[in-house]
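Fold and contact review
The lines below spell out each chain.
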Amino acid sequence: MTDVLIVVALLLVAGAATAAVLNRDPMRQALVLSFLGLALALLFTFLQAPDVALSQLAVGSAVTPLMILLTVRKVRRRPGSGDGVDKPAGRER
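What comes next is a walk through the structure. Here the structure is a predicted model, which is why all the values come from computation and not from measurement. (Residues numbered from 1 in each chain as written. Predicted model: local features only at pLDDT ≥ 70, side-chain atom pairs only at ≥ 80, totals over all residues. Heavy atoms only, no water.)

**Quick notes on helix H1 (residues 2-22)**
Here is the rule: Helix and strand assignments follow DSSP, with helices taken as H or I runs no shorter than four residues and strands as E runs no shorter than two, numbered in order from the N terminus. Helix span is expected to be 1.5 Å times the residue number reduced by one. The classification of residues rests on relative accessible area computed with a 1.4 Å probe and restricted to protein chains. Under 20% of the type maximum is buried, over 50% is exposed, and intermediate values are partly exposed. It is the directions from the helix axis to the C-beta atoms whose arc is reported.
Along its 21 residues, H1 runs 30 Å from first to last C-alpha, staying within 8% of the 30 Å computed at 1.5 Å per residue. Those residues of H1 lying buried are Ile6, Ala9, Val13, Ala16 and Ala20. End-on view of H1: buried residues confined to an arc of 95°, all on one side of the axis. Along H1, exposed side chains directed more than 90 degrees from the buried face belong to Asp3, Leu11 and Leu22.

Here it is in structure tokens:
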């Protein structure tokens, strides 16, 4: 029974990793990355490594996607919107 759970978890990890690579939108990538972290935590739990699973759950499922989402939000902010950042010289969009 344990082998079946490990194979299912491996398939979830492979599917989530593929989905993260194939997504072009950074917001969706962050969400898929969070799901990938959950799948990896499940895999580590099935492989009897609960300490690694807890670390993966905290970092891979929560902290890293949150940092990506905050970074994308900051990058997508428009210049000249009152945030104190000047427009860069060059092409205008």
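On we go.
**So, helix H3 (residues 50-76)**
Threshold: Note on bend: at a given residue it equals the angle between the axes fitted to the 7 residues ending there and to the 7 starting there. Any two residues whose heavy atoms approach within 4.5 Å at even a single point are treated as in contact.
When the terminal C-alpha atoms of H3 are compared, their 38 Å separation across 27 residues agrees well with the 39 Å that a helix rising 1.5 Å per residue should span. Along its length, H3 shows its largest kink, about 30°, at Gln56. Turning to H3, its buried residues are Ala53, Gln56, Gly60, Ser61, Pro65 and Val72. Against helix H2 (26-46) lie the buried residues of H3.

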